[in-house]
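Listed below are the residues making up each chain.
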Amino acid sequence: MVLSQKLHEAFKGTVERITGPRTVSAFKEKGVLSVSEFIIAGDNLVAKCPTWSWESGEPSKRKPYLPSEKQFLITRNVPCLRRAASIEEEYEAAGGEVLLDDEDNDGWLATHGKPKETKSDEDEDLPSMESLEISKSSSIKQNSSHTGGEDDDDIPDMAEFSEYDNIIETDPSTYLVAHEPDDDNILRTRTYDISITYDKYYQTPRVWLTGYDESRMLLQPELVLEDVSQDHARKTVTIEDHPHLPGKHASIHPCRHGAVMKKIIDVLMSRGVEPEVDKYLFLFLKFMASVIPTIEYDYTMDFDLGSSSN
Amino acid sequence: MAKSNINQSLLQFAPMQSSVDEGFWHKFSSFKLNKLGIDDSPIPITGFYAPCSHPRVSNYLTLLAESLPSESSEASLIPEPSHGNRNRCSVPGILYNTNTVESFTALDIQNLLKKEAKKIWDDIQSGRAVEDCSVLSRFLVISFADLKKWSFHYWFAFPALMLDPPATLVNLSPASQWLSIEEAESLSAACNEWRGSKSTADIPFFLVTIDPNSRATVRLLKDWEACQSDDHKILFGFYDPCHLPNNPGWPLRNLLALISSKWNLKSVQFFCYRENRGFADMSLSLVGEALITVPQGCKDAMPNAVGWELNNKGKKGPRRISLAQSMDPTRLAVSAA
């Protein structure tokens, strides 16, 4: 983690401690949410897309300004059938209309860096991402999960020194699911747990990703970046402590969420649609789909976004 | 209506699969250090599962931080199950954690599985499983937590009572084909209501009755005697975590054992309830008919049980996860520097 990010974290933490949560709605003016609006929007998401639910998370990490049983939203076991890196072209085609970015494509900026005037190369001092060179051509490695690295292999796999094969259960009624072939050219099905927390500093929802490989073993957070649109992987996704759960998780940094949501809301209003705050998370998740295009979470849009009648 | 594409073949069930949230191991480590010490008595835990909700991936039995008993409550070691969460149907389980690799490998795994299977069998015999069907699925985990290396070896088993001879399948088809359009619509609505109500959302086994006017009703298992009526179709339903089009998931096994032992049925129509995006989906859900032939005289003996999970290499054996990256203070210090 670079110093500028550490400083920003400390600053953000202090501001969060000394300022009260937003109570006045600025949803249409700034694209942000108050705490109570987050709850309203979350309740609506859970009602319309029941694969999402509220959770209370770790008791020690509870935020006093949120109800204890509605600390954050989560949907588990969401399939991700392809790596985002392999479908960049499709993303380009779909991303433009979803993001509502302006021509300079500057809706996204470096995570904690200075605002960039132009879209320069993706380099600079992108916090905590320096070591993560994930190129479009990189293949999915075998040891992609936490099943063991080079440095902690002093305990051999127990299966290797135990005689478990002796007790193979003979049961004709068990259907043995064929494993996906060991071929690096085949992109394996991953699954994700996706959570949405309320970021008090930015006053917007924030998305966190926990990835699993095809046998449901935890993925290193760095490998999650393969499922993030490559435009965003090195800019807007960071690996940080989850505010309600243990461990490091990949998160889409919310610094520009308010601005992008404001643009989406403006476009809707220019079409005569008056967006309602309880639909915020549907718009937000549709916008997130441009960042994580291959993770198939639910955000049904088959209903009216707002009322255009009044 | 009923499509008989598979004739008298063996009924094969897709095994339940496990998933352990990182939070579980974090909480377990603190539990071990602060409460258990070297005490290696078995710990009651709760697993969670839900019906399959995507045509391409099965659901898993998941362990979360909430699966463990509360550290603070001296009174009980029983985890408090959360009720009414449709994405978290509770399954009672037990965790055998050992303090050394040697004691881990020395565990008599056949016997441990049998012990859990016996609980299921006893609950079927006593009628408890009909009253509270959540005890019809159970699981056990054996583990060796190497807290010095933040490395965890673990192995799940999902005990299933075996029918001997095995059940055969008369037919199996998507519920949308087996049911008439009116029946499918009515059953969809009834299932969505069941899943939407806090009092029934996490009850994973149930009965479906369909009256001659194509009206479907979802009921509790204990209503079986009460809903016997000649002109009603009765299906035995369960939340199916499996997504495969030709195989029901694991929970059906113990349900069939219950039906055979308790109600002595020879032919069972079952309903594998599956969802798409959180709502009942009759083209993903399956309806099938199984034939059970249990020889007289074998009825009271406890059947054999199977259910050890294959690991990520596709073998019978433990899995291993290393959480040094998120738990090792020296590594955390380096990454924070």
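Keep in mind it's a predicted model, so treat the numbers as computed, not measured.

Student: Pulling in residues and values, what's your account of the overall build of chain A?
Tutor: Summing up its helical and strand segments, chain A has nine helices and eight strands in all. Looking at chain A as a whole, 54% of its 310 residues are labelled buried. The long-range fraction of contacts in chain A, counting pairs at least 24 apart against all pairs at least 6 apart in sequence, stands at 71%. Accessible surface computed for chain A: about 13900 Å², of which carbon and sulfur atoms make up 52%.

Student: Tell me about the interface of chain B and chain A, residues and numbers included.
Tutor: Each partner contributes residues to the interface: chain B has 70 residues there, and chain A has 59 residues. Remark: the boundary between chain B and chain A carries four salt bridges. With a closest N to O distance of 3.7 Å, A:R76 and B:D21 form a salt bridge. Scanning the region where chain B abuts chain A turns up 16 residue pairs in polar contact (both at pLDDT 80 or more).

Student: So, the pairing of strand 8 (residues 168–174) of chain B: which residues are in play, and what are the values?
Tutor: Residues and elements named next belong to chain B. Of all seven residues making up strand 8, six are buried, and the element is well covered by its neighbours. Bridge analysis of strand 1 (residues 9–10) against strand 8 gives two bridges, and the strand direction is antiparallel. Pairing of S9 across the sheet is with L169, part of strand 8. As paired strands, strand 8 and strand 15 (residues 286–291) are joined by six bridges and run antiparallel to one another. Along strand 15, the bridge assignment pairs L169 with A290.

Student: Tell me what's going on with the sheet that holds strand 6 (residues 248–252) of chain A, and back it up with residues and numbers.
Tutor: Strand-to-strand pairing in sheets goes through backbone hydrogen bonds, with the strands running parallel or antiparallel. Residues and elements named next belong to chain A. The antiparallel open sheet is built from six strands, whose spatial order is 1-2-3-4-6-5. In this open sheet, the two edge strands, each paired with only one partner strand, are strand 1 (53–55) and strand 5 (237–241). Pairwise comparison of adjacent strand axes, ignoring direction, gives a mean angle of 35° for this sheet. Each of strand 1, strand 2 (72–80), strand 3 (190–199) and strand 4 (204–212) is contacted by helix 3 (residues 35–48), which is oriented at about 135° to strand 1, the strand it contacts most.

Student: Tell me about the sheet that holds strand 9 (residues 205–210) of chain B, and please be specific about residues and values.
Tutor: All names here are of chain B. One open sheet holds the seven strands; their spatial order is 1-8-15-12-11-9-10, and the pairing between them is mixed. This sheet does not close on itself; its edge strands, each paired only once, are strand 1 and strand 10 (216–219). In terms of strand pairing, strand 9 meets strand 11 (residues 233–239) through six bridges, oriented antiparallel. Of the residues in strand 11, the one forming a bridge with I210 is K233. Relative to strand 10, helix 6 (residues 181–196) is tilted by about 30°, and along the sheet it contacts strand 9, strand 10, strand 11 and strand 12 (267–273).

Student: Requested: an account of the confidence of the model for chain B, with residues and values cited.
Tutor: With 91% of its residues at a pLDDT of 70 or more, chain B shows a mean pLDDT of 90. The model gives residues 1–7 of chain B a pLDDT under 50, and that stretch makes 18 contacts with residues more than four places away or in other chains.

Student: Got a sec to walk through helix 3 of chain A? Specific residues and values, please.
Tutor: All names here are of chain A. Taking 1.5 Å per residue as the helical rise, helix 3 with its 14 residues ought to reach 20 Å, and the 20 Å between its terminal C-alpha atoms agrees with that figure. The complete set of buried residues in helix 3 reads V35, E37, F38, I39, A41, G42, N44 and L45. Those residues of helix 3 that are buried are in contact with helix 2 (27–30), strand 1, strand 2, strand 3, strand 4 and helix 9 (280–288).

Student: For the pairing of strand 5 (residues 89–98) of chain B, give the residues involved together with the corresponding values.
Tutor: Residues and elements named next belong to chain B. Burial within strand 5 is extensive, with nine of its ten residues counted as buried. One ladder, built from seven bridges, connects strand 3 (residues 43–49) with strand 5; its direction is antiparallel. The partner of G47 across the bridge, within strand 5, is V91. Two elements, strand 5 and strand 6 (residues 139–146), share six bridges in a ladder whose sense is parallel. Residue pairing in the sheet places Y96 in a bridge with I142 of strand 6.

Reading the values: rules and limits
Residues numbered from 1 in each chain as written. Chains lettered and ligands numbered in written order. Predicted model: local features only at pLDDT ≥ 70, side-chain atom pairs only at ≥ 80, totals over all residues. Heavy atoms only, no water. Helix = DSSP H or I, 4+ residues; strand = E, 2+ residues; numbered from the N terminus. Buried < 20%, exposed > 50% of the residue type's maximum accessible area, 1.4 Å probe, protein only. Contact = heavy atoms within 4.5 Å. Areas by Shrake-Rupley, 256 points an atom, 1.4 Å probe, with all protein chains shown as cover. Salt bridge = Lys/Arg side-chain N within 4 Å of Asp/Glu carboxyl O. Polar contact = N/O pair within 3.5 Å; in protein donor to acceptor, adjacent residues only side chain to side chain. Pairing = 2+ DSSP bridges. Axes fitted to C-alpha atoms, helices over the stretch in contact; angles between N-to-C directions. pLDDT = per-residue confidence, 0-100. Expected span 1.5 Å × (residues − 1).

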